[in-house]
Each structure stands twice: as structure tokens, then as C-alpha cells.
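# Structure assessment
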2 protein chains.
Amino acid sequence: MKRVLLLDTTLRDGTQGEGVSLTVVDKLRIAQKLDELGIAYIEGGFPGANPKDQDFFQSAKSSLRLKHAKLTAFGSTRRPGVTAEQDEGLRVLLDSQAPAITIVGKAWDFHVHEALRVTLEENLRMIADSVAYLKRHGREVIFDAEHFFDGYRYNPEYALSTLSAAADAGVDWVTLCDTNGGSLPYQVAEIVGAVVEALPVPVGIHTHNDCELAVANTLAAVERGATMVHGTINGIGERCGNANLASIIPNLELKMGRNCLPSQDHLVHLTEIARFVGEIANLVPHSYQPFVGHSAFAHKGGIHVSAIARNPETYEHIRPELVGNRRRVLVSELSGLSNLQHRAEEFGVDVRDRKDEMRQLLTEIKELEYQGYQFEGAEASQELLFVKKFGDYRSFFDVEAMRVEATMSVDSSITSEAILKLVVAGETVHTVAEGNGPVNALDDALRKALMPSYPVIDTMHLTDYKVRVLDEKEGTAAKVRVLIESTNGFDVWRTIGVSENVIEASWEALVDSIQYFLLRIAQRDDAQVS
Amino acid sequence: MKRVLLLDTTLRDGTQGEGVSLTVVDKLRIAQKLDELGIAYIEGGFPGANPKDQDFFQSAKSSLRLKHAKLTAFGSTRRPGVTAEQDEGLRVLLDSQAPAITIVGKAWDFHVHEALRVTLEENLRMIADSVAYLKRHGREVIFDAEHFFDGYRYNPEYALSTLSAAADAGVDWVTLCDTNGGSLPYQVAEIVGAVVEALPVPVGIHTHNDCELAVANTLAAVERGATMVHGTINGIGERCGNANLASIIPNLELKMGRNCLPSQDHLVHLTEIARFVGEIANLVPHSYQPFVGHSAFAHKGGIHVSAIARNPETYEHIRPELVGNRRRVLVSELSGLSNLQHRAEEFGVDVRDRKDEMRQLLTEIKELEYQGYQFEGAEASQELLFVKKFGDYRSFFDVEAMRVEATMSVDSSITSEAILKLVVAGETVHTVAEGNGPVNALDDALRKALMPSYPVIDTMHLTDYKVRVLDEKEGTAAKVRVLIESTNGFDVWRTIGVSENVIEASWEALVDSIQYFLLRIAQRDDAQVS
């Protein structure tokens, strides 16, 4: 199989998307996941433009463990009228200590005049000097030729000369960028074919989705000899976004016979990673998204559903499991029992000869999912459902009363107070606590109430709290879904709550988290006794 | 210019999308809009499968005024073993009185065996009989060859023979369907080229987006001679959806020199119609959507913004006005004084000779963004900042006291109550309201307090409510960002609040929304008086 190398720029070009803003910690978590998927180059940021990105490259050294990927820093060619050695931006790129460096330069004469305002010759020197300088310092260098396709259409000789300037200076890759996203596949194919023929260095492709053609343009370029592909997970990026790697990867691997991951086994992580990036960036998941979307293999039409039951190939272009997604049959009871069996085994719950109860549980889960629960991100809450039905469930506390108040103080700030009445180990406990917000106050009041009987809860704490509004069109009366992540330092578990009341949803997820933890501790203690 | 005819199937294939459900009235409203855009064929439904769709065709006769479009009914070839005259489905199609009829039939031998379970010869007779019958009754007939591309790859002779059966029976169009959405553009191009060469009737293309290639596959087919294009507005449809007409239309008209609308002036309705269909279908708008999305011409990167200011062509592939969309310059941590100047002009605020105050405001905005505000999704809150600094700001109410309670009832459900003391037009107003959650209760209490003095607020309501947790690692003590979208039916505006307390953040966004609306109304009234 022919090889294509992937450069993921979710952490750089992706953050130019409207509404996308990632912290350094977010970026590190995404980078680690991209490496698990088997991405070859992770473009982590633009350290010269952004102190947050300098932090990222600093932190990456100690906290990332990369098996497959090379970390890549992004910057631009030197400024006009200085030497490469004098250029602050290039120095910052070297300081990032990234083994690979992308530098962007102008390939369209119009932009050299209009945006850069230098002569065409100076632009060529800026490219050559910058590449040569970075190569002298031992880095792998990728030259991003900005606006290459537009430039080539107006002035092919000059566009090509920018690539030659980079090639002559020893560049490792040149990338042809469709920066404005306005090119059509047949144009991209023709131009890439011409460049691959003319140039002694390997060629990459970087497209944008302004015509809904970024994936097609990328595949057309690969067809014509491009061997590096730039893109972002879920296609996030400026305006209409970048080329979507979550679609490009399976198209290359499954349809075009191109090898872009370390092995095809890595493909099964695709859906999980696409959803992970969506969660971290807090973008509303695009349910119809090809390959990885919640609806991507969802069958609704009556004819489709009955044909699928006979043979999935009738209405599916690939098996969903290949990309870690799953088939869903909408408004139907056909699916699921075997999935459920699988889950039960994972949770160590014995469900043999309990088919009827399994069917009941399946109905309950479907009803909950219909209400907005989504157990894919909340395995602990799902496990509690199994244990309640089949296992050794016990409740560690009962809630008698709960009240939360948010009151405006004289200085107009708002403080929250939670009051709880619980029955814990046979005793009624009445606690009150203040907090930064209503949920924080509830968390503290709950801990106060439980600590005397279960001091072990001091070893666990919440690490993540997410709120997502469902049915957004309902405005403030919409349902919300709260996801809480907790840890005791070793294990991490996630719980969920859904309600029209954000406090009720949070409370549900909070109670599940603590119940789950106490149950696990009790199971462990039981095991040690026996 | 070469002509391409559009067949819109939003009302038929579009409704197979997950979460899409349209009433008869919805369908009539969408059909009328599609006609205004200049669509040639509107596929209104599958009357044989669905009584709702029979109603639609009935109602259409009296309530639709179509200038450009032919209404088209969808059905399938006759059942095996009966004559066309005996077939109930074909009779219902004629009863619909639609001037054009699409009938779908099998083109893949595998499906003839697996799904239909008849002989290959009987399938050909089913196609020929059905076409001939509908033609005898004077209808324009389009034959949708289901799974044509998959069928052609496995058995090209048989796939072609299904088209010939339709052609020999007098069909007006044959449509090649990529039903599973698994084909790549170069495959589509090759096969369409071969069919156009072999067949005496004009050829249409119908693709699905399972590989994120539906638009590209459609354009490839047109390149190779297809002259009818099927698709849906915003690409809604089964699984990953159908080919997106909102992208195909401008690509054909502006990039490929194909004429698919009555005139290019009709293109300016595209954005409005895409959003209208999204609203009616109650789907979350896809902000990044090419051509028509809210972010499609939104510029965020600093380099991009300064270049755009000099010449929009530097980072825009088309002028946004051509498709009825508009350019947006996002103000973020990346931007400088020129972004701000641009905003001030948009807001109609005069900032000439006020450079120092502009710099102050920029510093304030950056400080707020550092705290977690993000004004690119909340222009109304940003405009309030401008008006407070440079314009004619006035406060319509003052908050004296605010309290929200969430209390658990006997049945364990949690109810919320909000109590407000405001000064409105010199009077102290004290109100209380219950709600589905704390924010909903606050919204209601605020409306109660303001209605007597400002009855106009009855004409506005909240349409969207988003919560984003910042610094997620802080668990329940993390900061949250709340975005609220409001509308009065004509305009839409967005406001923001940030706090560690979700109630405080929501309250801030809520107050901004109502202040903004009242300010706008006051400005309008002032303008009318003067």
C-alpha cells in the first residue's frame, strides 16, 4: 500500500474556528489522543504569535509521551529586510524545540503586493533564507505555500518559483494550500499533478471547506501524487473550517488503498477521538457527520431497516465497527440485546438465563436515551443501572430534603448556599455549606454530611464538570445534560444527569458519582474479607 | 451558459434524516420558498407510503402558487407479479396530480436478489411497465436508479440494462443514485461519462454524503454531462444526509459556469432560505456551513483581518453578498484597533478622534476575554460595551435584590423559584415566579416586573441557551460562560455572562439581552420622532 503522512493542525488552524478556544491543558490532552490514533505530525501552535502556544511547547516536553507523532511548530517566513538570524519569529520556532517546523509563505503574487508589500524577489529570498536557517539548525521543515492554487491560476511561473526557492534551500516538504477554500477538485488535481511532476521534493495538500469540497480536493491531490495531508479533526477551522481528517482518514485507508495510520487497527479509535475533540472544544456535535457522527449509520426509512436486517451491505458503504462507530436502527426494538450482554460482561455482572430482565433493562436504557441521557460518556452511571438490576446494589445514603439558594449580596455579587438533610447509616444528618455556585455548594454540603460515616470520600474529588443544553430551541426551559468526571487519583469515572433544571441534573450526576465510588470501595473491602 | 435542472428532495429524502419531521404546513411553507429560489422540481413526498404526503399534494393544489417549480411525487416501480394498472402505489402517484413523477427501481443485481427477491428479468419488466403506464397518463417521468454506482461496479451490463428499460419505455430522465454514499468522485465521473455516452435520454445525479463527498460527486457528474441534480437544502437526509443544494447551487452558478437558477439574482436568497429550512426543521444551525453558515465569512486570525481590511479578495473566495450572507470580523484576543474600528462603524457609533478611549476599550475587552468572555458569539453584549463607552446608553431598570431557590419536593423533583426587587421607571417592583430551572424562573420573574412599563418585551423571547464550563479541571467550582440568543421574530441577538456561579452568569446574559432589546426599541422610537 502507498503511504500518506498526516499532519493534524487541530491545535493551530483548528483554533482559528469561530467559538473554538483551547487551554494549554486541552491542547495537551488532544495531542496525546492524536498520537494514539497514529497521526504522523501534530502541529501544536504558532508560538511566535501567541504566548499560550509557547507554554504548550514547553509543557509538551515533560507531559506528552508520543509514540507515533512528531510535534510541529508553525510560524512564518522571516520579516522583510532582516536576516533569518535577526528574525524574532524564527528564533521562537527554534526555541520551541519542536523537531519539525512548518513555515508559511506567500505563493500568490497578488498577496506579495497587497498583503506583504514587498517585491516578488524579496519574497523568494524570505522563503529561501528561512528554510535554510531552520535546516542549518537540524529541523525537518515543511513549507506551506499560502494561496498556492489561486496564485497558480494567475501566475503559475511565480507560484512554482516560490516552491523552487524552498526546495533549493533544502526543504523537506512543500504544502500546496487552498487558503480561501475556493478551488474545485478538477482544478486541484490538475495543478497538483503539474507540481508533483516539476518538483524534486514531496508535496503536501492543505485545503479549506468554503465550497464543501475540502475532503474531495484533498483526495484529488492524493490521487495525483500528494503524499502529505493537512487537516483537523471534525474539520474545525477558520470560516467553514479545514479539511476534515475524520473523513479523509477512512477514505484513504478503506477506499483508496492508502496507508496513513500505523495500521488499519488504529481506525477503530476514530469515532472516539472525533467525539473527544468535539467535547473538549465544546462544539455541538454534528450528528450527521460522515463516519463518526451519531447518525452516520442510523437507519430510519422503513425499506432500509428491513433490508439492513437481512444484509447490512444493502444500505451501508462500510461496516461501522471499522471506524469505531455503530449501527443504529431508529424507532425500532431490533438492536441492542447483544450489545447489552457485552456491557454486562465488562461490568462483571452475570446475566445468563436472565433474558427477560435484559429486555426490560434495554427498554429502560432506550427510554433514558430518548430523554437525553447518553451513556457513552458516562459509563459509571450505566454500570449503576446494571448493578441495580442484576447486582449487589446498596444505597449509602438517602436524601430527605435539599434546598439551594442563590442570593444577591449588597455588592451585587451572588452567593450560593446549599442545605441538605440526609439519612446516613441510620442517622439523620443536617448540613449547610456555601459555594462558588449552587453545584459547588451542594458538593460541599454532601461531603460534610458523609465524611463522619465514610471518611474515604476525602480521597476522591471531581475533576470535570460539563453542561450541555439539549433542545436548544427551548431557550431557558431547555433540558440540560450534566457530565461529571471524578477521580481518586487512580481511577477516573464519569456520571450523568439530565433535567430541565440544571441543579437537578447536576445533583443527579453528583449523587451517582459518590454512590459509585462508595460501592466500588465496598466491593473491594468485601473481596478482601472473603 | 449550460443549463442544469435542480430537483429538491428536502420534503421527501430530507425527512429521512434523524430528527427531521415536517408537518404538512411546514412542507407547504418550504415548497413556496423553494419556488422563490427558482428550483425546477420540488419532490414533495412519497404519497403511496405516507398519508401525510397525500395530504400535502392535496393541499398544494389550493395553497401553493408556483412560478418556477414543478411539483414532483415520489414512488417506486410496480410490485412484482401484477400489472401496472393493478398497482396501488402507481395509482396513488397519479392521484397526487403532480405533473412530474419520480419512480425508484433497483439497478444493482445484488439488491434485486437480496431485497426485492425477484428475477433480474422481472425487475426490468417492473421498470418498463411502470414508466410506460405513467407516460400513458401524460406525466413527466424521472427514473431513480437506486444503488446505480455500486451496481455498475459489480455488474455494469445489468445496471445499464435497467436504464435502457426505462429509456425504451419513454422515460424523460434517468437519475444515477449513489444510495449508500460510498462512491468517490473519480468513480462517479467515469461511470457518469460512460452512461451519458451510452444513453439517449438526459441523465441526473443523486448522491449521499457518507464519505463527505456528496457535493464533489455531484459536481463531478455535472462535469461529465449530467444535467439534472438532486439534493436537499442544508444536505439533510438519511444517515449523513443528501447532497447539499445550498453548496451545489453557488458552485454551479459562480464557479462552473452552469445555469441552474432562473437568473443569478436568485442566488441572494440562498442564505435566507437555508436558514429558513433549518428553522422549520428545528435543526441546530451548522455555523461552519459553506456559503450560508453564520461563520462562513467570519475572520478571526489577526493576519487575515488586516489583509481583509485592505482587500476582501485576499481571504474570501467569493463576495458574501452574492449568496445573501455577510462578512463578519471577529474581535478576539488576536485582534487590534482596526477590528474595533470596524465594529464601531457597524454599530453606528462615531469613534473619530477618540483613539485613547478606543485603546481603553480594547484593553477592557481583552481583560474580559482573559476572564472568559468571548464576544465573537455575543455581538449584542459587545455592542452594549461600545454604547456605554461612546454612545447613548441608558439603563431601563435597576436590580435591588435577587434570590433564587431550588427546593426538593416530597416526590424528589426539584422546583425553582425566583424573587426579584427591581426599580423600573422610578417604581419599586417586587415579583416572584416559578420555572423549570433557576434561569427559567429568573426570566419569568424579570418579565413580570418589566411588562407593565415595557409591554414591548412580550414580542421578544429567548431561543437558545448555552453553557460552557471554562477551566474544567476545577470541577464544580469552575467558571462558566453562558450564551443566550434572543429574537423578536425579525432580528436575532446574542449576549454573554461569565461567572463561577452559573446563576450569576445566566443572569448577566439575561439582563444584557433585555437591556439591548429595550435600547434598540428606544433608538428606533427616537429616530421616528426626530
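Numbers given for residues are sequential positions, taken from 1 along each chain in its written order. Written order determines the labels here, with chains lettered from A and ligands numbered from 1. Per-residue local features of the predicted model are confined to residues with pLDDT of at least 70, and side-chain atom pairs are confined, for both listing and counting, to 80 or more; whole-chain, interface and lining totals are unaffected and use all residues.

As annotated in an unreviewed UniProt entry, chain A is Citramalate synthase from Alicyclobacillus fastidiosus. UniProt positions are given in the numbering used here, feature names are shortened, and annotations may be inferred rather than shown by experiment. Regarding chain A, the relevant UniProt record gives this comment under Pathway (unreviewed entry): "Amino-acid biosynthesis; L-isoleucine biosynthesis; 2-oxobutanoate from pyruvate: step 1/3." Turning to chain A, the UniProt record has this under Catalytic activity (unreviewed entry): "pyruvate + acetyl-CoA + H2O = (3R)-citramalate + CoA + H(+)".

## Structural notes on the packing of helix 1 (residues 24-37) of chain A against helix 2 (residues 51-63) of chain A
Residues and elements named next belong to chain A. Contact geometry of helix 1 with helix 2 gives a least axis separation of 9 Å together with a crossing angle of 50°. Put simply, helix 1 runs oblique to helix 2. The crossing of helix 1 and helix 2 is right-handed. Across from V24, K27, L28 and A31 in helix 1, the residues of helix 2 making contact are K52, D55, F56, S59, A60 and S63. Of the residues that constitute the contact of helix 1 with helix 2, the class distribution is five nonpolar, two polar and three charged. Fitting a line to C-alpha atoms yields each axis, with helices limited to the stretch in contact; the angle taken between N-to-C directions then spans 0 to 180 degrees. Elements are defined by DSSP. Helices are runs of H or I of four residues or more, strands are runs of E of two residues or more, and each kind is numbered from the N terminus. The labels follow the angle: roughly parallel below 35 degrees, roughly antiparallel above 145, roughly perpendicular from 65 to 115, and oblique for the rest. By definition, any crossing whose near helix is turned counterclockwise from its far helix by less than a right angle is left-handed, and any crossing with a clockwise turn is right-handed. Throughout, a residue-residue contact means that the two C-beta atoms, derived from backbone geometry, are no farther apart than 7 Å. Classes in brief: Ala, Val, Leu, Ile, Met, Phe, Trp, Tyr, Cys and Pro nonpolar; Asp, Glu, Lys and Arg charged; the others, Gly included, polar.

## So, the interface of chain B and chain A
Interface size is often expressed as the accessible area that is lost when the parts come together. Taken together, the 91 residues of chain B in the interface contact 90 residues of chain A. Here the side of chain B that touches chain A takes nine residues from strand 16 (residues 461-469) of chain B, the largest share from any one element. Counted by class, the side of chain B that touches chain A contains 36 nonpolar, 33 polar and 22 charged residues. Strand direction decides the pairing type here: strand 13 (residues 397-408) of chain A and strand 13 (residues 397-408) of chain B, joined by five bridges, are antiparallel. Two strands are said to pair when DSSP picks up at least two bridges between them.

## Describing the UniProt feature "domain: Pyruvate carboxyltransferase" (unreviewed entry) in chain A
Here, UniProt's "domain: Pyruvate carboxyltransferase" (unreviewed entry) annotation points to residues 4-274 of chain A. Helix makes up 44% of residues 4-274 of chain A and strand makes up 17%, while its end C-alpha atoms are separated by 20 Å.

## Here we look at helix 5 (residues 120-136) of chain A
Residue and element names in this part refer to chain A. Counted at 1.5 Å a residue, the expected span for helix 5 with its 17 residues is 24 Å, and the 25 Å between its end C-alpha atoms agrees. Considered for burial, the residues of helix 5 that qualify are N123, L124, M126, I127, A128, D129, S130, V131, Y133 and L134. Where helix 5 is buried, its residues touch helix 3 (88-95), strand 5 (100-106), helix 4 (109-116), strand 6 (140-146) and helix 7 (156-168). In the segment just after helix 5, G138 is the residue with positive phi, at about 80°. A helix's residues, less one, multiplied by 1.5 Å, set its expected span. Residues with at least 20 neighbouring C-beta atoms inside 10 Å of their own are called buried, those with 12 or fewer are called exposed, and the rest are partly exposed, where every C-beta is derived from the backbone.

## Observations concerning the nonpolar core
Note on terminology: a nonpolar core is a set of buried residues of type Ala, Val, Leu, Ile, Met, Phe, Trp, Tyr or Cys, with members joined through C-beta atoms within 7 Å. Among the nonpolar cores identified, the biggest contains 205 residues, and A:F143, A:A166, A:V192, A:L270, B:F143, B:V192 and B:L270 are the most heavily contacted of them. Ignoring any residue separated from it by four or fewer positions in sequence, one finds A:A166 in contact with A:I127, A:V131, A:F143, A:V171 and A:V174. Judged by nonpolar contacts, the second largest core, of 92 residues, contains A:V469, B:F386, B:F397 and B:V404.

## Describing the sheet that holds strand 16 (residues 461-469) of chain A
Residues and elements named next belong to chain A. Here three strands make up an open sheet; going across it, the order is 16-17-18 and the pairing antiparallel. Strands at the two margins of the open sheet, each flanked by one partner only, are strand 16 and strand 18 (492-499). Averaged over all neighbouring strand pairs, the angle between strand axes comes to 15°, with direction disregarded. As judged from the eight bridges shared by strand 16 and strand 17 (residues 480-487), these two strands associate in the antiparallel manner. Note that in strand 17 the partner of R468 across the bridge is R481.

## Details of the environment of A:L462
With respect to the helices and strands, the residue A:L462 is situated in strand 16. Residues A:L462 and A:D443, 19 residues apart in the sequence, show an inter-C-alpha distance of 9.2 Å.

## Section: the environment of B:V351
All names here are of chain B. Its location among the elements puts V351 in the loop between helix 13 (337-346) and helix 14 (355-371). Under the C-beta neighbour-count criterion, V351 is labelled partly exposed, with 19 such atoms within 10 Å. C-alpha separation for the pair V351 and T179, spaced 172 residues apart in sequence, amounts to 57 Å. Not counting chain neighbours up to four residues away, the residues in contact with V351 comprise Q341, A344, M358 and F390.

## Some words on unusual backbone geometry
Positive phi, close to 55°, is recorded for B:R239, a residue that is not glycine. Among the structural elements, B:R239 can be located in the loop between strand 9 (228-231) and helix 10 (245-255).

## Looking at the packing of helix 8 (residues 185-198) of chain B against helix 9 (residues 214-223) of chain B
Two numbers describe a pair of packed helices, the interaxial angle and the distance between the axes. Residue and element names in this part refer to chain B. At a closest axis distance of 8 Å, the pairing of helix 8 and helix 9 adopts a crossing angle of 30°. The angle between helix 8 and helix 9 falls in the class roughly parallel. The chirality of how helix 8 crosses helix 9 is right-handed. Between helix 8 and helix 9, the contacting residues are P185, V188, A189 and V192 on the first element and A216, N217, A220, A221 and E223 on the second. Residues that form the contact of helix 8 with helix 9 fall into these classes: seven nonpolar, one polar and one charged.

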